[in-house]
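Residue-level structure breakdown
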Amino acid sequence: MNDKITSQVYNVIIITLIVILVIQLIPISKRTINAISENLLKASEWGLNYGDKGEQPDGNADKKYLEQYNAYYVGDEEEKVIYLTFDAGYENGYTEDLLDTLKKHDVPAAFFLVGHYIRDNEDLVKRMVEEGHIVANHTATHPKMSAINDFNKFKKELEDVEEMYSELIGEEMPRYYRPPQGKYNETNLEQAKELGYTTVFWSLAYVDWYDDNQPSHQYAFSKLLPRIHPGAIVLLHSNSQTNSEILDELITIWKDEGYTFMSLEYLKELDF
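Cut-offs used in this document
Residues numbered from 1 in each chain as written. Predicted model: local features only at pLDDT ≥ 70, side-chain atom pairs only at ≥ 80, totals over all residues. Heavy atoms only, no water. Helix = DSSP H or I, 4+ residues; strand = E, 2+ residues; numbered from the N terminus. Buried < 20%, exposed > 50% of the residue type's maximum accessible area, 1.4 Å probe, protein only. Core = buried A, V, L, I, M, F, W, Y, C linked by side-chain atoms within 4.5 Å. Contact = heavy atoms within 4.5 Å. Axes fitted to C-alpha atoms, helices over the stretch in contact; angles between N-to-C directions. Parallel < 35°, antiparallel > 145°, perpendicular 65-115°, else oblique. Left-handed = near helix turned anticlockwise from the far one by under 90°. Nonpolar A, V, L, I, M, F, W, Y, C, P; charged D, E, K, R; others polar. Patch = residues over 30% accessible without salt bridge, like charges linked within 9 Å, V, L, I, M, F, W, Y side chains within 5 Å. Areas by Shrake-Rupley, 256 points an atom, 1.4 Å probe, with all protein chains shown as cover. Salt bridge = Lys/Arg side-chain N within 4 Å of Asp/Glu carboxyl O.

**Regarding the overall build of the chain**
- Tallying secondary structure elements over the chain gives 9 helices and 12 strands in all.
- Residues counted as buried form 44% of the 272 residues belonging to the chain.

**Some remarks on the nonpolar core**
- By size, the foremost hydrophobic cluster in this structure holds 39 residues, and its most contacted members are Leu84, Phe86, Leu102, Leu113, Val234, Leu247 and Trp254.
- No other element matches the 5 residues that helix α9 (residues 241-256) contributes to this core.
- Other than its neighbours up to four places away in sequence, Val234 contacts Ile82, Tyr83, Leu84, Thr85, Leu204, Ile228 and Trp254.
- Core analysis: the second largest hydrophobic core is formed by 26 residues, Trp46, Tyr176, Tyr184 and Leu264 among them.

**A look at unusual backbone geometry**
- The phi dihedral of Asp106 falls on the positive side, at around 55°, and the residue is not glycine.
- Classification of Asp106 as exposed rests on a relative accessible area of 69%.
- Positioned with a positive phi, His142 is a non-glycine residue whose angle comes to about 60°.
- You can see His142 is positioned in the loop between β7 (134-137) and α6 (151-169).

**Thoughts on the packing of helix α8 (residues 217-224) against α9**
- Relative orientation of the contacting elements α8 and α9 amounts to 45°, with a least axis distance of 10 Å. As the angle between them shows, α8 and α9 are arranged oblique. As for how α8 packs across α9, the hand of that crossing is right-handed. Facing α8, whose interface residues are His217, Ala220, Phe221 and Leu224, α9 presents Thr242, Glu245, Ile246, Glu249, Leu250 and Trp254.
- Classifying every residue of the contact of α8 with α9 gives 6 nonpolar, 2 polar and 2 charged.

**What about a nonpolar patch on the surface?**
- Together, Val207, Trp209 and Tyr210 make up an exposed nonpolar region whose accessible area comes to about 280 Å².
- The residue Trp209 is located in the loop between β10 (198-200) and α8 in this model.
- Here Trp209 falls in the partly exposed class, since its relative accessible area comes to 36%.

**Focus on the pattern of salt bridges**
- Within this structure, the stated rule accounts for 10 salt bridges.
- A salt bridge links Asp248 to Lys104; the shortest N-O distance between them is 2.8 Å. Residue Asp248 is found in helix α9, and its partner Lys104 is found in helix α3 (residues 95-105); the two are separated by 144 residues along the sequence.
- Of the charged contacts, one joins Lys155 and Glu159 as a salt bridge, the two residues approaching to 3.6 Å between their closest N and O atoms. Taken together, the positions of Lys155 and Glu159, both in helix α6 and 4 residues apart, correspond to about one turn of that helix.

And the structure:
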């Protein structure tokens, strides 16, 4: 009998605790949902959701929202403009070919460089600048920037690259920044803006960065051609042999489709 009573009491206690927990969780869940809705960019990795051919993809942050932080992933959906960008963590022998192709087609580009790239490839960096391309900031050491909460550490990642650029070129570095691997948070965007930077994500990219597993030309075109869209910020990696081989044809096809190529400087003139 005592065991039965004990069991009943135990069950009542457990049920009571569950009810109390559920009641408490309801407002917490609502608050959590609201917090998520209001702070979509607290911590994230840049991603895209592609729709129909020729349409701008949806990013995991709205372009109007990003603009308040001087951040962009795409341009005007009504203009057949392409912004061509390259990320470079190291040199693989293909950048000269890329620059030759850009010069042939009179296409401006932006090269987002990691610190040691500037130190190790001075002639290439000088050529980029001399031929009218933007040399932009991809951080000094290519860290996961969303894990950096300290403003001084964040600032140092950008300033170290600025110093290398200034010493080499003799002028201030253009204030464009791309977070490595697209890893960022809202604080990063605020910090970059405070430092005078425009944060640049992308609206078109494909897996092109593995040296030992380069995509075929066919695969590259299957990703890059159907997904092109007005206002596209295209991300390619300059260490890619495939990119160096297809860029001439790629630019030709896009021009034949009525696209023009603009510098990132034009982005800041847009009003979303």
